[in-house]
Amino acid sequence: MKKRILAGIFGPSVLLAIIATGCASSGVKNPSGIGVTEMRADEKGFVAGTGVESQDLVAVTDKMARSILDTPQIKNAQNPPVVLLDPVLNDTRFPINKDLFLTRIQVLLNSKCEKKVQFVARDRMAALEHERDLKRTGQVTTSSDSNVVEFKGGDFFLTGKLQSLTTRNSRGISDYILYSFELVDARTSAIVWQDFAEMKKQGVEDASYR
Amino acid sequence: MKMLASSCLVGALVAGCATTETSENWQRTGDPLVDGRAAIEHSQKRDRALWEYRTAATAMRRGQFGEAKQWLDDALLTLGGIYGPDKDARKARSYFASESKKTFIGEPYERVMAYYYRGILYWIDGELDNARACFRSGEIMDSDAENKSYSGDYVLLDYLDGLITSKLGSDGSEALKRAQAESRMAKPPDFDLQANALFFVEFGSGPLKYATGQYGEELRFRPGHSPVRAIQIKLNGQTVRAEPYDDLTFQATTRGGRVMDHILANKAVFKRATDTAGNVAIIGGAILASQQGSHSAADEVGLGLLAAGIISKIFSAATTPTADVRAWDNLPQFLSFTAVRLPAGPQAVTVEFLDANGSPIANLTQTVTMTVSDPPRDTVIFVSDKNQ
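What counts as what
Residues numbered from 1 in each chain as written. Chains lettered and ligands numbered in written order. Predicted model: local features only at pLDDT ≥ 70, side-chain atom pairs only at ≥ 80, totals over all residues. Heavy atoms only, no water. Helix = DSSP H or I, 4+ residues; strand = E, 2+ residues; numbered from the N terminus. Buried < 20%, exposed > 50% of the residue type's maximum accessible area, 1.4 Å probe, protein only. Contact = heavy atoms within 4.5 Å. Areas by Shrake-Rupley, 256 points an atom, 1.4 Å probe, with all protein chains shown as cover. Expected span 1.5 Å × (residues − 1). Patch = residues over 30% accessible without salt bridge, like charges linked within 9 Å, V, L, I, M, F, W, Y side chains within 5 Å. Salt bridge = Lys/Arg side-chain N within 4 Å of Asp/Glu carboxyl O. Pairing = 2+ DSSP bridges. Axes fitted to C-alpha atoms, helices over the stretch in contact; angles between N-to-C directions. Core = buried A, V, L, I, M, F, W, Y, C linked by side-chain atoms within 4.5 Å. Polar contact = N/O pair within 3.5 Å; in protein donor to acceptor, adjacent residues only side chain to side chain. Parallel < 35°, antiparallel > 145°, perpendicular 65-115°, else oblique. Left-handed = near helix turned anticlockwise from the far one by under 90°. Nonpolar A, V, L, I, M, F, W, Y, C, P; charged D, E, K, R; others polar. Phe/Tyr/Trp six-rings, centres within 6.5 Å; stacked < 30°, edge-to-face > 60°. pLDDT = per-residue confidence, 0-100.

1. Concerning the overall build of chain A
For step 1, the next point in the chain: Looking only at helices and strands, one finds 5 helices and 6 strands in chain A.
For step 2, the next point in the chain: Counted from the first residue to the last, chain A has its helices and strands arranged as α-α-α-β-β-α-β-α-β-β-β.
For step 3, the next point in the chain: A buried classification covers 35% of the 210 residues belonging to chain A.
For step 4, the next point in the chain: For chain A, restricting intrachain contacts to residue pairs at least 6 apart in sequence, the fraction spanning at least 24 positions comes to 65%.
For step 5, the next point in the chain: When the accessible surface of chain A is split by element, carbon and sulfur atoms take 53% of a total near 12,700 Å².

2. Side note on helix H4 (residues 65-80) of chain B
Residue and element names in this part refer to chain B.
For step 1, the next point in the chain: End to end, H4 covers 21 Å across 16 residues, agreeing with the expected 22 Å (1.5 Å per residue, within 8%).
For step 2, the next point in the chain: Turning to H4, its buried residues are Glu67, Ala68, Lys69, Trp71, Leu72, Ala75, Leu76 and Leu79.
For step 3, the next point in the chain: Contacts from the buried residues of H4 go to helix H2 (32-42), helix H3 (48-61), helix H6 (108-124) and helix H7 (128-141).

3. Section: a nonpolar patch on the surface
Residue and element names in this part refer to chain A.
For step 1, the next point in the chain: Residues Leu128, Val149 and Phe151 make up a contiguous nonpolar surface patch of about 260 Å² in total accessible area.
For step 2, the next point in the chain: Within the secondary structure, phenylalanine 151 sits in the loop between helix H5 (125-136) and strand S4 (156-169).
For step 3, the next point in the chain: Among the residues examined, phenylalanine 151 registers a relative accessible area of 33% and is labelled partly exposed.

4. A short note on the side chain of Thr71(A)
All names here are of chain A.
For step 1, the next point in the chain: If you trace the backbone, threonine 71 turns up in the loop between helix H2 (54-69) and helix H3 (72-75).
For step 2, the next point in the chain: Judged by relative accessible area, threonine 71 falls into the buried class, the value being 3%.
For step 3, the next point in the chain: Excluding residues that lie within four positions of it along the chain, threonine 71 makes contacts with Val192 and Trp193.

5. Topic: unusual backbone geometry
For step 1, the next point in the chain: Positive phi outside glycine occurs at Ser189(A), with the angle close to 70°.
For step 2, the next point in the chain: You can call Ser189(A) exposed: its relative accessible area is 53%.

6. Regarding the sheet that holds strand S5 (residues 238-242) of chain B
Residues and elements named next belong to chain B.
For step 1, the next point in the chain: Overall, antiparallel pairing links the 4 strands, which are arranged S5-S4-S8-S9 in an open sheet. Each edge of the open sheet is held by one strand with a lone partner, namely S5 and strand S9 (366-372). Taken pair by pair, the neighbouring strands of this sheet meet at an average axis angle of 25°, ignoring direction.
For step 2, the next point in the chain: Where strand S8 (residues 345-354) and S9 come together, 7 bridges link them in antiparallel fashion. Bridging across to S9, valine 349 finds its partner in valine 368.

7. What about the nonpolar core?
For step 1, the next point in the chain: Formed by 71 residues in total, the largest nonpolar core has its most connected members in Tyr116(B), Tyr117(B), Trp123(B) and Phe200(B).
For step 2, the next point in the chain: Ranked by the residues each element gives to this core, the list is headed by H6(B), at 12 residues.
For step 3, the next point in the chain: The contacts of Phe200(B), once residues within four sequence positions are left out, are Tyr116(B), Ile120(B), Trp123(B), Phe135(B), Leu160(B), Ser336(B), Phe337(B), Val380(B), Ile381(B), Phe382(B) and Val383(B).
For step 4, the next point in the chain: With 30 residues, the next largest nonpolar core counts Val88(A), Cys113(A), Phe119(A) and Trp193(A) among its residues.

8. Quick word on H2(B)
Residue and element names in this part refer to chain B.
For step 1, the next point in the chain: Burial in H2 covers these residues: Leu33, Asp35, Gly36, Ala38, Ala39 and Ile40.
For step 2, the next point in the chain: Along its buried surface, H2 packs onto H3 and H4.
For step 3, the next point in the chain: One side-chain oxygen at the N-terminal end of H2 lies 2.9 Å from the backbone nitrogen of leucine 33; it belongs to aspartate 31.

9. Looking at the packing of H3(B) against H4(B)
Residue and element names in this part refer to chain B.
For step 1, the next point in the chain: Orientation of H3 relative to H4, taken along the N-to-C sense of each, is 155°, at an axis distance of 8 Å. As far as their axial angle goes, H4 and H3 are roughly antiparallel. You can see that H3 and H4 cross each other, and the crossing is left-handed. Counting all contacts with H3, which are made through Arg48, Ala49, Glu52, Tyr53, Thr55, Ala56, Ala59 and Met60, the residues of H4 involved are Phe65, Glu67, Ala68, Trp71, Leu72, Asp74, Ala75 and Leu79.
For step 2, the next point in the chain: Its residues assigned to classes, the contact of H3 with H4 shows 11 nonpolar, 1 polar and 4 charged.

10. A few points about the pairing of strand S2 (residues 208-212) of chain B
Residues and elements named next belong to chain B.
For step 1, the next point in the chain: As paired strands, S2 and strand S3 (residues 218-222) are joined by 5 bridges and run antiparallel to one another. Within S3, the residue paired with threonine 212 across the bridge is glutamate 218.
For step 2, the next point in the chain: The loop that links S2 with its antiparallel partner S3 comprises 5 residues; one of these, glycine 213, has a positive phi angle of about 95°.

11. So, the environment of Met39(A)
All names here are of chain A.
For step 1, the next point in the chain: Along the polypeptide, methionine 39 turns up in the loop between helix H1 (2-21) and H2.
For step 2, the next point in the chain: For methionine 39, a relative accessible area of 34% puts it in the partly exposed group.
For step 3, the next point in the chain: Sequence-distant contacts of methionine 39, that is, excluding residues within four places in its chain, are made with Lys44 and Gly45.

12. Some remarks on the pattern of salt bridges
Residues and elements named next belong to chain B.
For step 1, the next point in the chain: Taken as a whole and judged by the stated rule, the model has 37 salt bridges over all chains.
For step 2, the next point in the chain: In this structure, arginine 258 and glutamate 107 form a salt bridge, with 2.9 Å as the shortest nitrogen-oxygen distance. With arginine 258 in the loop between helix H10 (248-253) and helix H11 (259-291) and glutamate 107 in the loop between helix H5 (87-93) and H6, the pair connects residues that are 151 residues apart, well separated along the chain.
For step 3, the next point in the chain: Assessed through its relative accessible area of 9%, arginine 258 is described here as buried.
For step 4, the next point in the chain: Given the relative accessible area of 10%, glutamate 107 is considered buried.
For step 5, the next point in the chain: Note that arginine 258 and aspartate 261 form a salt bridge whose closest N and O atoms lie 3.0 Å from each other.

13. Re the packing of aromatic side chains
How two aromatic rings sit relative to each other is set out by the distance from centre to centre and by the angle between their planes.
Residues and elements named next belong to chain B.
For step 1, the next point in the chain: The full count for this structure, using the stated rule, is 22 aromatic pairs over all chains.
For step 2, the next point in the chain: Judged by centre distance (6.4 Å) and plane angle (75°), the ring pair of phenylalanine 96 and phenylalanine 270 falls under edge-to-face. Placement of the pair is phenylalanine 96 in the loop between H5 and H6 and phenylalanine 270 in helix H11, with a sequence separation of 174 residues.
For step 3, the next point in the chain: On the accessibility criterion, phenylalanine 270 (24% relative accessible area) is partly exposed.

14. A few points about the confidence of the model for chain A
For step 1, the next point in the chain: Residue-level pLDDT values for chain A average 83, and 83% of them are 70 or greater.
For step 2, the next point in the chain: Within the model, the stretch residues 17-26 of chain A combines pLDDT values under 50 with 12 contacts to residues more than four positions away or in other chains.

15. Points about the environment of Arg48(B)
All names here are of chain B.
For step 1, the next point in the chain: With respect to the helices and strands, the residue arginine 48 is situated in helix H3.
For step 2, the next point in the chain: Residue arginine 48 is classed as partly exposed on the basis of its relative accessible area, which comes to 31%.
For step 3, the next point in the chain: Setting aside chain neighbours within four positions, we find arginine 48 in contact with Ile40, Ser43 and Asp74.

16. Some thoughts on the packing of H7(B) against helix H8 (residues 155-167) of chain B
Residues and elements named next belong to chain B.
For step 1, the next point in the chain: The contact between H7 and H8 brings their axes to 9 Å, and the two run at 155°. Overall, the two elements H7 and H8 adopt an arrangement that is roughly antiparallel. Classified by chirality, the crossing of H8 by H7 is left-handed. On the side of H7, the interface is formed by Leu128, Ala131, Arg132, Phe135, Arg136, Gly138 and Glu139, while H8 contributes Leu157, Asp158, Leu160, Asp161, Ile164, Thr165 and Lys167.
For step 2, the next point in the chain: Class assignment for the residues of the contact of H7 with H8 results in 6 nonpolar, 2 polar and 6 charged.

Quick look at the structure:
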């Protein structure tokens, strides 16, 4: 009888002690930390939102670079046309460093497709003009006639636009992003090439945030 | 006797859990910027965004926009990455952990303000499209209201979205129409695309949170307040008045219930039920155990009931239905905006904060010299009654 009473009392107490000691780990998340995980830029990471991410940037710019090279005006040009970059317009709900798109397209075209197109460093004009002026005034040496205008004018403008459509309700959030890019003839304003990519992402946050 | 001892032991263990919350482990100096930086560095990870919000607001009022940008960018990364399973959030939903265990991102009105401030900072930097992106994201944060008539109803966010769209050469008239239709206070004017000096204005103290209900399971908002009703800006021979377009107390209190409110209500029901069941079992067990002779079957049942009652009471005590009342506590009550045309160069500006009678509140008047940029770049001025 005594044993049964003791078991009746001791059993729940042990159970509760186990439950209570479970609290010892509360407030400590990943106590040993998580090592740095190296990932490819085109890989979806475990930290993800519904906005523009590196894998989107890689997929979009890869597609655009390939598509530009298939354009007759580029493919069949006798001399590599000079392309100027005009900033991409962000018409989405995601603030981003939109220069990344044109930078990656430019680097892809320059590094993988030699001499098909030529870009000029208009973002370095101040330094270039300073160097030219030094040459013109004889302060530094020059290998050509510095009075001849040699800065290249552009044949095409490469630009683009990011637009989005968002739906949000109690079941989550959905973001569609349209990435469109175009090459504009600098002389005629004709759009000689245009292509697009699109992404749709959905997510729902934990109920405690809703 | 043994039962009492083991119960005490268990009680002590359970009570021990309540002390796992750590207190502030940094020295407060009284300077909100210094304290904010320390809090961001030393506070628990789940409170980091809260401190970043607060510190960013303080930095903006001191004109330290670079620092505000840094904190808001980090907080918005947290805010933008909450989709999918989250261990802390799951814990916050459990019976035995409080809601404040989750990573703080704020209620929708707080999330909106993080995007709003970041939008202003992008505008200061001349990145109009990214500013617009922030205003749009802010409106999205407000769009999942239980009461749909108050969904995405920030006048200023729509107005600024439309203004930027128009400045960038597209048609912003739809956003303007929405803003004018949503206005409950002052009605925003038509866009002046030639206006190059933009004043983002805020005043008053915003809403705060408190918990009510038997176990503090109901989240409520203490209304914000402001003696200021409008502001008047005197510059270059002009006087312009900025009336409030948005009221953060209104925004905080008109969204309807949260999903989390239902979860907290369930926790409260569980706590109440286990408490009542524990009372009944303890009383019943005590009566049974005391009315029969020792070693009887009733004695055994009574002791068993007593033990079950204690277990139930302990479960009740460990259940934490308290609502999360962590709040971005230095938000303003009212938001306003005005834009004027100014020639490039230095301009003396006097900002007067007007009371309900339209009289300037003397100790709030600010006089500053601003330098207006050459067109087409806008000059953005952030005006707060808490500017320092």
